[in-house]
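A closer look at the structure
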Amino acid sequence: MTDREEENRPSPEAMLKLAKAEEEQAGRGRLKIFLGYAAGVGKTYAMLEAAWERKLEDRDIVAAYVETHGRFETDSLLAGLEIIPKAQVQYQGVMLPEMDIDAVLARKPRIALVDELAHTNAPGSRHEKRWQDVEELLAAGIDVYTTVNIQHFESLNDIVAQITGVVVRETVPDRLLDMATEIKLVDIPPDELLQRLQEGKVYIPEQAAWAREKFFKPGNLMALRELALRRAAARVDDQMRAYMESRAIAGPWPAAERLLVCVSGSPYSERLIRSTRRLADELNAEWHTVFIETPGGGRHLQENRERVWHDLRLAESLGGKVATVTATSVAEALIEYAVKHNVTKIVVGKPSKPRWREFLLPPLVDQVIRLSGAIDVYVVSFEPSAEKPAAAIARLKKPVLWSGYMAGASLVAAATVAGLLVRPFITPTNLVMIYLLAVVLAAVRLGLRPAIMTAFLSVLAFDFFFVPPRLTFVVADTEYLITFAALFTVGVVISKLVATAGERAVTIREREVQTASLYYLSRDLAAAADITAILDAIIRNFGESFNGRLAILLPEGERLETKAASQDLQLDSKELAVADWAFRNRQAAGQGTGTLGSAALLYLPMQTTASVLGIVGVQLEEETDYTNPLSRRLLEAFASQATLAIERVQLVKQAEQTQLIQARESLERALLNSVSHDLRTPLVSITGALGTLRDKGSRLGDESRRELLEAAWDESQRLNRFVGNLLDMTRLQAGAVKLKEEPSDIQDLVGCALAAIEQRLGNRKVDVHLQSDLPLVSMDMALMTQVLVNLLDNALKYSPPESGITLAAWVEGSLLTMEVADRGPGVPEADLKRVFDKFYRIPVPEGAGGTGLGLAICKGIVEEHGGKIRAENRAGGGLRVIVTLPVKVDRLNTEHL
């Protein structure tokens, strides 16, 4: 490769990024957005014009949902297109038209037209927002044309509110703009738009008058138009960069940036998140959102947990990575997180507290700047809003628990009475300890604020009752002022420390409960050996950790089946449909989500990297627990542990099946090798002998012809035995062997076996040792003869030609024992049991062959008789094969032939 080619080659990072993008897009539909800056610019009209262009190209296109607002020009363009009938959703007695997403999915067109992307669906619809419907269509492989105005994108929500004074409630995540393959900017001059508004082409007259007064002002329209133009230009710039990177076109590529923003539940956190998102877009950077949970912030978390959870979900919907960190110092934890994740810029809000408070407690921005080192810190300023934040209003409306303050006052009164009793015996200064004890009790039992009030009342009571002149607030000795200050300061510090320790203990206890729950679950799942035990462990541990009920659904063919559920929990058809949607779309659905939120349960997919194994359905007693981040994290951890356990069992089954397949393939290979060798060898000999007799028979002498015929006969017998062994093994495995048992003489059995193998014995000597009084034994004479023949044949093959073979039989108790022994090399100790496996053969002397089925057939026949067979090595060399058969008492016969 030349240097120039090397320079023009895309970088591995660019190639990997392109490959990931192509992988994510595979099987998904393409999104085209018609972007405007206000209603009436012609987005729907432009979308319908583009639809007709595609229709003329014979593209399959339908109008899934198009709102023409009664405009003639738009209605005329819609005519002629296939229109999917709208679904009618009943809400408070009114039928509301919505897009029928099921009908669109069933129709499965190539392109679907979906108007008004930011629309909020009627309650009872599958998804809360229409953009979620669009995401499902895209996931199904359907291309979507849609319309939206720039003010509806989430990251621009606060800027639009600042420009227009109107807070847009219907928003769309910015990721839809990012995933769009094409953005068409629909633009007309603001003057022309105002003219259309005046002519009634945008709103009806009543709405038009309100719009001109509130929103459609020339300044607002120009600012919104600039936002739309800038956002479209930024997208074009991103596409140009991606094109240049994928083709290694030289450019001034900036270094990778990472941004970090911290949220606290403040009313300004949303604005901070949106500002970070916009900054990340400008820098083309990855960004993170983190919430630092401090022990002293336990109360704060309880009051604002819904807002914190909302902020984290907002950041996630805008494309940021979210995390929750527990630490004692917010600034130190923020810097530690930034260093760990290679963050280059931290975004913080400008402090809004009075200046004098900054001297007592340095603001977070100052602490972060001091610790940031090489990390840039961006300070975002916010104008105070005239409207009080909802969280602040909620705190103002929160009822005051006066009982705590009354109890604090009672403690001060009790301390005063105790002080009056001991006043004659101790100095007034030492009486301060009694009041400090009251403050500590208030801090431990009543909380921070009642404890601070107790400290203040203690100072007043001490001054009034014990400091000269008594029964007045006048202080004669100014040194007592130091005592007052010390008493109050120490009381406040003690109250703060005790309150912090209590909140930290609550946090630790919550963490400990979660950790213990996950520990017990993982322990039980590790001990579970099958699916049933795993499901039982999940149900049991969930009942111990949550106030609620659980159902686990696993796929059974084309549908989900409830495999385990808490007591009295039944899922109707509606709930099963929600679970099926979550399974097929790999997304959480039901309670606490924006999809099918009317369901009674929350459905979490048990998802692996490759597939979804099932669904966990959760029903909690408190509705707020569905959105509580602590509960949600624990639920997701339960689902993850269950997924890993079920996957483990499935992988074990797959491994067992793989082993069985490998064993079968090994047997098939062994059979093929054996058949190919042991069939071919005798056939070659037979073919050769007969061919010689046919071609040269007239020229051969009588002796030569006889030898050829005997060789062909011997090989045919060998082939017959081989085929017989295969057939016998097949019958044994199929259970087709039927014993014909009858009382049999062991001496006859031995004689039949020796006669059958006589030709193969040749000059080999077989020593037979039979007990003199052997009874008749019930057996299948033909099959047991085959056992002895196979054992003798095996001894012949594996022992030297000059060595002898021993055959013995005797009875001990109710067992007949027969033994065939040779003086061959024996068998390795590790293989003594394997010699009875099918197709197993140890290395044999040259010329000794076989299928490896002889001993396996012996084992099968003996076990059919209820007996046993084993092999042992002999002292001095050789192998002994021992067969034991039961001697049935009712058939014993002492009359011998």
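Refer to the structure above for everything that follows.
Here we summarise the structure given alongside this text. Residue numbers here run from 1 along each chain, matching the order of that chain's written sequence. pLDDT decides what is reported in this predicted model: residues at 70 or higher carry local features, side-chain atom pairs at 80 or more are listed and counted, and totals for whole chains, interfaces and linings draw on all residues regardless. Side-chain measures here rest on the full set of heavy atoms in the structure, leaving out hydrogens and waters.

Counting its secondary structure elements, the protein contains 29 helices and 25 strands. Across the 897 residues of the protein, 42% fall into the buried class. Whether two residues are in contact is decided by their heavy atoms: any pair within 4.5 Å suffices. A separation of at least 24 residues holds for 69% of the contacts in the protein among residues at least 6 apart in sequence. Carbon and sulfur atoms form 55% of the exposed surface of the protein, whose accessible area is close to 48400 Å². In this text, helices come from DSSP runs of H or I with a minimum length of four residues, and strands from runs of E with a minimum of two, each type numbered from the N-terminal end. Relative accessible area decides the class of each residue, using a 1.4 Å probe on protein chains only: under 20% of the type maximum gives buried, over 50% gives exposed, and in between gives partly exposed. For the accessible areas, the method is Shrake-Rupley and the probe is 1.4 Å, while residue cover comes only from the protein chains on display.

To continue, consider the nonpolar core. By size, the foremost hydrophobic cluster in this structure holds 61 residues, and its most contacted members are Tyr37, Leu113, Leu193 and Phe216. The residues touching leucine 193, leaving out its near neighbours within four places in the chain, are Tyr37, Ala38, Ala39, Gly40, Val41, Ile188, Val202, Phe216 and Leu221. Definition used in this section: a nonpolar core is a set of buried Ala, Val, Leu, Ile, Met, Phe, Trp, Tyr and Cys residues joined via side-chain atoms within 4.5 Å. One finds Ile757, Met781, Val835 and Leu853 within the second-largest nonpolar core, a separate group that totals 44 residues.

Let's shift gears to the sheet that holds strand S25 (residues 879-886). Note on pairing: two strands pair once DSSP finds at least 2 bridges between them. Strand order in the open sheet formed by five strands is S20-S22-S23-S25-S24, and the pairing between neighbours is mixed. Edge positions in the open sheet fall to strand S20 (766-770) and strand S24 (868-873), since each of these has one partner strand only. Taken over all neighbouring pairs, the strand axes of this sheet differ in orientation by 15 degrees on average, direction set aside. Relative to strand S22 (residues 805-812), S20 runs parallel, the two being bridged by five bridges. Across the sheet, the residue bridging to valine 766 is isoleucine 805, located in S22. Contacting S22, strand S23 (815-821), S24 and S25, helix H28 (residues 781-797) runs over the sheet at an angle of about 30 degrees to S23. Fitted lines through C-alpha atoms give the axes, limited to the stretch in contact for helices. The angle between two N-to-C directions lies from 0 to 180 degrees.

With that settled, consider the pairing of strand S9 (residues 258-263). Taken residue by residue, a regular strand's side chains alternate between the two faces of the sheet. Most of S9 sits inside the fold, with five of its six residues counted as buried. Pairing between S9 and strand S10 (residues 286-293): six bridges, direction parallel. Paired with arginine 258 across the two strands is glutamate 286, which belongs to S10. Pairing analysis gives three bridges linking S9 to strand S12 (residues 345-349), with the strands arranged parallel. From the neighbouring strand, leucine 260 faces S12, where its bridge partner is isoleucine 346.

Right, let's get into a nonpolar patch on the surface. Each patch groups residues whose relative accessible area exceeds 30% and which form no salt bridge, using 9 Å between like charges and 5 Å between nonpolar side chains of Val, Leu, Ile, Met, Phe, Trp and Tyr. Any carboxyl oxygen of Asp or Glu within 4 Å of a side-chain nitrogen of Lys or Arg constitutes a salt bridge here. Taken together, the side chains of Phe456, Leu460, Phe473 and Phe488 make up a nonpolar region of the molecular surface, amounting to roughly 370 Å² of accessible area. If you trace the backbone, phenylalanine 473 turns up in the loop between helix H20 (448-466) and helix H21 (479-527).

Now for unusual backbone geometry. The phi angle at aspartate 58 is positive, at roughly 65 degrees, despite the residue not being glycine. The phi angle at asparagine 342 is positive, at roughly 60 degrees, despite the residue not being glycine. One can find asparagine 342 in the loop between helix H14 (330-340) and S12.

What follows is about the side chain of threonine 74. Within the secondary structure, threonine 74 is located in helix H4 (residues 72-78). Owing to a relative accessible area of 6%, threonine 74 belongs among the buried residues under this scheme. Aside from chain neighbours lying at most four places away, what touches threonine 74 is Thr44, Tyr45, Leu48 and Thr68.

Where strand S4 (residues 87-91) meets strand S5 (residues 94-98), five bridges bridge the pair, whose relative direction is antiparallel. Looking at S5, one finds that alanine 87 is bridged to glutamate 98. Hairpin connection from S4 to S5: two residues lie between these consecutive antiparallel strands, with glutamine 92 at a positive phi of about 55 degrees.

This part takes up the sheet that holds strand S17 (residues 602-607). As summarised here, the arrangement of the five strands in space is S15-S14-S18-S17-S16, forming an open sheet in which the pairing is antiparallel. Of all the strands in the sheet, the pair left with one neighbour each is strand S15 (559-565) and strand S16 (589-590). Judged from the two bridges that link them, S16 and S17 form a sheet pairing that is antiparallel. Bridging from a neighbouring strand, glycine 590 pairs with leucine 602 of S17. Taken strand by strand, helix H22 (residues 531-545) contacts strand S14 (548-556), S15 and strand S18 (612-620), and its axis lies near 155 degrees from that of S14.

Taken as a whole, this structure holds 33 salt bridges when the rule is applied. Residues arginine 274 and glutamate 270 are paired through a salt bridge, measuring 3.4 Å at the closest nitrogen-oxygen approach. Here arginine 274 pairs with glutamate 270, and both are found in helix H12 (residues 269-283), just four residues apart, close to one helical turn. When its relative accessible area of 5% is taken as the criterion, arginine 274 is described as buried. As a salt-bridge pair, arginine 870 and glutamate 872 come within 3.0 Å of each other at their nearest N and O atoms. A single network of salt bridges, built from pairs that share partners, joins Asp174, Asp178, Arg231, Arg277 and Asp281.

Right, let's talk about the environment of alanine 228 for a bit. Locating alanine 228 in the fold gives a position in helix H11 (residues 218-246). Taking the C-alpha atoms as reference, alanine 228 lies 5.9 Å from tyrosine 37; in sequence the two are 191 residues apart. Residues in contact with alanine 228, not counting those within four places in the same chain, are Leu35, Gly36, Tyr37, Ile150 and Leu185.

Okay, the side chain of serine 517 next. On the secondary structure map, serine 517 appears in helix H21. Under this definition, polar contacts are N or O atom pairs within 3.5 Å; protein pairs additionally need one hydrogen-donor-capable and one acceptor-capable atom, and for neighbouring residues in sequence, both atoms have to be side-chain atoms. A polar contact of 3.0 Å, which involves the side chain of serine 517, links it to the side chain of serine 545. Here serine 517 is in contact with Asn541, Ser545 and Phe638, once residues within four sequence places are set aside.

Let's shift gears to the packing of helix H18 (residues 402-422) against helix H19 (residues 432-445). For the pair H18 and H19, interaxial distance at closest approach is 9 Å and the crossing angle is 155 degrees. One way to sum up the angle between H18 and H19 is to call them roughly antiparallel. Every pair of crossing elements has a handedness; the one defined by H18 and H19 is right-handed. Residues Leu411, Val412, Ala415, Thr416, Ala418, Gly419 and Val422 of H18 lie in contact with H19, whose contacting residues are Ile434, Tyr435, Ala438, Leu441 and Ala442. Among the residues forming the contact of H18 with H19, the class breakdown is 10 nonpolar, two polar and no charged. Angle categories: roughly parallel below 35 degrees, roughly antiparallel above 145, roughly perpendicular from 65 to 115, and oblique for all the rest. Take the far helix as your reference; a near helix turned counterclockwise from it by less than a right angle gives a left-handed crossing, and one turned clockwise gives a right-handed crossing. Each residue receives one of three labels: charged for Asp, Glu, Lys and Arg, nonpolar for Ala, Val, Leu, Ile, Met, Phe, Trp, Tyr, Cys and Pro, and polar for the others, Gly being one of them.

Interhelical geometry of H19 versus H20 gives an angle of 160 degrees and a closest axis separation of 9 Å. Classified by the angle their axes make, H19 and H20 are roughly antiparallel. With respect to the hand of their crossing, H19 and H20 are arranged in right-handed fashion. Contacts between H19 and H20 involve Val432, Tyr435, Ala438, Val439, Ala442 and Ala443 from the former and Ala451, Thr454, Ala455, Ser458, Ala461, Phe462 and Phe466 from the latter. Taken together, the residues that form the contact of H19 with H20 break down as 11 nonpolar, two polar and no charged.

This next bit is on the packing of aromatic side chains. Note on ring pairs: Phe, Tyr and Trp rings are taken, using the six-membered ring of Trp, and paired if centres are within 6.5 Å. Classes follow the plane angle, with under 30 degrees stacked, over 60 edge-to-face and the rest tilted. Inspection of every chain in the model, using the stated rule, returns five aromatic pairs. Ring geometry for phenylalanine 546 and phenylalanine 638: centres 5.6 Å apart, planes at 80 degrees, overall edge-to-face. Of this pair, phenylalanine 546 sits in the loop between H22 and S14 while phenylalanine 638 is found in helix H24 (residues 629-696), placing the two residues 92 residues apart along the sequence. Aromatic ring contacts, followed pair by pair, group Phe542, Phe546 and Phe638 into a single cluster. The ring of tyrosine 145 carries lysine 32 above its face, with NZ or CZ at 5.3 Å from the centroid. For the cation-ring pair, arginine 130 lies above tyrosine 65, with the distance from its terminal atom to the ring centre recorded as 3.9 Å. In our convention, an over-ring charge means Lys NZ or Arg CZ found within 6 Å of a ring centre and within 35 degrees of that ring's normal.

This part is about the environment of leucine 471. As for its position among the elements, leucine 471 is in the loop between H20 and H21. Judged by its relative accessible area of 53%, leucine 471 is exposed. Taking the C-alpha atoms as reference points, leucine 471 and alanine 461, 10 residues apart in sequence, are found 9.4 Å from one another. Setting aside anything within four residues of it in sequence, one finds leucine 471 in contact with Phe464 and Phe465.

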